[in-house]
Amino acid sequence: MTFDSLSLIEPILRALQTEGYTTPTPIQQQAIPIVLEGNDLLGCAQTGTGKTAAFSIPLLQLLYQQKSTHKGIKALILTPTRELAIQIDESIAAYGRHTALSHAVIFGGVSQLPQTQALKRGVDILIATPGRLLDLMQQGYVSLQQLQFFVLDEADRMLDMGFIHDVKKVISKLPAKRQTLFFSATMPPEIAGLANSILRNPKKVEVTPVSSTVEKIEQSVYFVEKQDKRALLHHLLADQNIKTVLVFTRTKHGADKVVKDLVKSGIGAAAIHGNKSQNARQRALNDFKNGTLRVLVATDIAARGIDVEQLSHVINYELPDVPETYVHRIGRTGRAGASGIAIAFCDAEDKVNLKDIQKLIGIQIPHVNDHPYAMHDISLSTFRPVTKQPQQQRSHTQRRSFRGGDSRRYASQR
Ligand code: AMP
């Protein structure tokens with residue numbers, strides 16, 4: 001299937017060509033016609049599936065076809081993090097470059113002045129995080145009277161991050177007559193309830209159940225004592241094949257510690273988390289994207305939505321308590337069909353999380369035992385004993401070095 005067969009208008013097709021997109025991803029194939037026909041949409045999909053284009057493209061087309069000269073916000077895209085908001089804004093700019101539709105992005109943590117100036121100039125499509133949006137609504141800078149389209153992005157993450165109350169407040173201010181597109185990677189009961197209450201006869205699109213996106217990513221787990229994780233990270237980074245690596249820690253403090261240690265050893269690294277200023281976060285992200293920064297260390301909230309082409313490795317320095325978070329994390333690599341490598345460090349405390357993750361994704365993650373910091377107390381592992389492979393040590397970047405676990409089943413799922 002090509003984009004031509006989706007009844008898209010020429011200005012959008014031309015922009016997609018410039019972007020180098022030839023084939024719509026599964027969510028785009030399904031969602032674009034549904035939205036163009038004017039239906040509400042319930043999309044079960046996460047970042048990495050092409051969902052931003054799946055809602056942006058038909059939205060741009062519908063607005064373009066109205067040929068309205070009337071100023072005012074006609075579409076609102078609500079998303080949980082600043083990084084996601086910026087990325088959506090960039091996507092709208094790219095796909096809509098020949099449409100002359102105006103757009104602006106608003107988020108907290110930075111001066112509101114450029115944002116209010118953009119709003120005053122008049123905006124067709126507004127991308128926003130909930131807190132700043134409510135703030136600017138209360139100050140009278142945002143009017144949603146003209147709104148026709150509402151996109152709620154990453155609804156489950158809104159709940160996780162404690163934004164759901166703000167989201168409901170925003171929704172209560174929207175005109176009842178509108179087209180609503182609702183996206184969530186998972187459907188906990190509160191999110192399903194919210195979807196039910198705001199969607200009208202929605203068409204449902206489910207492209208990647210949260211557990212299946214991991215299939216194209218080479219996963220492995222390294223059992224290691226907590227105090228040896230730093231040394232193991234250095235050991236792995238000695239492999240120059242690792243060009244870009246996103247390291248996840250559980251806490252902001254933990255992220256700073258890892259960065260400090262890497263920088264001391266001359267490895268380019270920066271942290272991205274909620275205590276960093278928006279400018280510092282954006283700088284780190286840009287340096288990481290353009291390849292000047294090799295290691296980006298992030299907490300989950302800050303990393304949400306990071307979209308870096310060519311991200312080869314994700315390292316879980318600690319495993320998350322919520323198994324879905326693991327899937328989100330490793331989904332930072334292996335984007336839009338590319339393959340990626342995800343390595344997990346597992347100490348005694350992480351073990352229970354590893355069990356939950358494997359239950360969710362339905363596979364046993366192959367484990368690597370031939371590294372200098374292998375945990376001696378193998379009883380920690382719930383896996384079958386691993387027989388040491390003779391001959392040369394293989395790079396961890398080679399899939400064949402993943403031994404033990406259920407690697408055959410893993411291979412068959414790729
Ligand atoms: P998203 O799921 O929206 O975060 O998109 C993930 C990545 O896939 C982004 O880098 C997009 O630019 C890219 N992408 C989206 N749709 C396509 C497509 N049809 N062809 C190639 N790349 C795409």
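Structure: see above.
Computed from a predicted structure; not experimentally measured.

## Comments concerning the nonpolar core
- Ranked by internal contacts, the top residues of the largest apolar core, which has 40 residues, are Ile57 and Ile77.
- Those elements giving two or more residues to this core turn out to be helix H1 (10-19), helix H2 (26-36), helix H3 (51-66), strand S2 (75-78), helix H4 (82-95), strand S4 (125-128), strand S5 (149-152) and strand S6 (179-184).
- Broken down by element, the residue count for this core peaks at eight residues, all from H3.
- Look past the residues within four positions of isoleucine 57 in its chain and what remains in contact with it is Phe3, Leu8, Ile12, Leu16, Ile32 and Tyr95.
- Judged by nonpolar contacts, the second largest core, of 33 residues, contains Ile73, Leu78, Leu136 and Ala195.

## Some remarks on the sheet that holds strand S7 (residues 203-206)
- Strand order in the open sheet made by the seven strands is S3-S4-S2-S5-S6-S1-S7, with parallel pairing throughout. The open sheet has two free edges, formed respectively by strand S3 (103-106) and S7, since each of these has just one partner strand. Neighbour-to-neighbour, the strand axes of the sheet open up by a mean angle of 10 degrees, direction not taken into account.
- Contacts between H3 and the sheet are confined to S2, S4, S5 and S6, with S5 contributing the most and set at about 170 degrees to the helix.

## Thoughts on the pattern of salt bridges
- The final tally for this structure, using the stated rule, is 16 salt bridges.
- The residue arginine 14 makes a salt bridge to glutamate 10 at a minimum N-O spacing of 2.6 Å. Of this pair, arginine 14 and glutamate 10 both sit in helix H1, four residues apart, which is roughly one turn of that helix.
- The residue lysine 226 makes a salt bridge to aspartate 347 at a minimum N-O spacing of 4.0 Å. Remark: aspartate 347 occurs in the loop between strand S13 (340-346) and helix H15 (351-361) and lysine 226 occurs in the loop between strand S8 (217-223) and helix H10 (229-237); sequence separation between them is 121 residues.
- When its relative accessible area of 3% is taken as the criterion, aspartate 347 is described as buried.
- Salt bridges sharing partners connect three or more residues here, namely Lys226, Lys229, Arg250, Asp321, Asp347, Glu349 and Asp350.

## Things to note about unusual backbone geometry
- Its identity as a non-glycine residue notwithstanding, alanine 100 has a phi of 65 degrees, on the positive side.
- Assignment of secondary structure puts alanine 100 in the loop between H4 and S3.
- Exposure remark for alanine 100: the relative accessible area of 75% places this residue in the exposed category.
- Despite not being glycine, asparagine 201 has its phi angle at roughly 40 degrees, a positive value.
- On the basis of relative accessible area, asparagine 201 is assigned to the exposed category, the value being 72%.

Conventions and cut-offs
- Residues numbered from 1 in each chain as written.
- Predicted model: local features only at pLDDT ≥ 70, side-chain atom pairs only at ≥ 80, totals over all residues.
- Heavy atoms only, no water.
- Core = buried A, V, L, I, M, F, W, Y, C linked by side-chain atoms within 4.5 Å.
- Buried < 20%, exposed > 50% of the residue type's maximum accessible area, 1.4 Å probe, protein only.
- Helix = DSSP H or I, 4+ residues; strand = E, 2+ residues; numbered from the N terminus.
- Contact = heavy atoms within 4.5 Å.
- Pairing = 2+ DSSP bridges.
- Axes fitted to C-alpha atoms, helices over the stretch in contact; angles between N-to-C directions.
- Salt bridge = Lys/Arg side-chain N within 4 Å of Asp/Glu carboxyl O.

Limitation: the analysis is restricted to geometry and does not speak to function.
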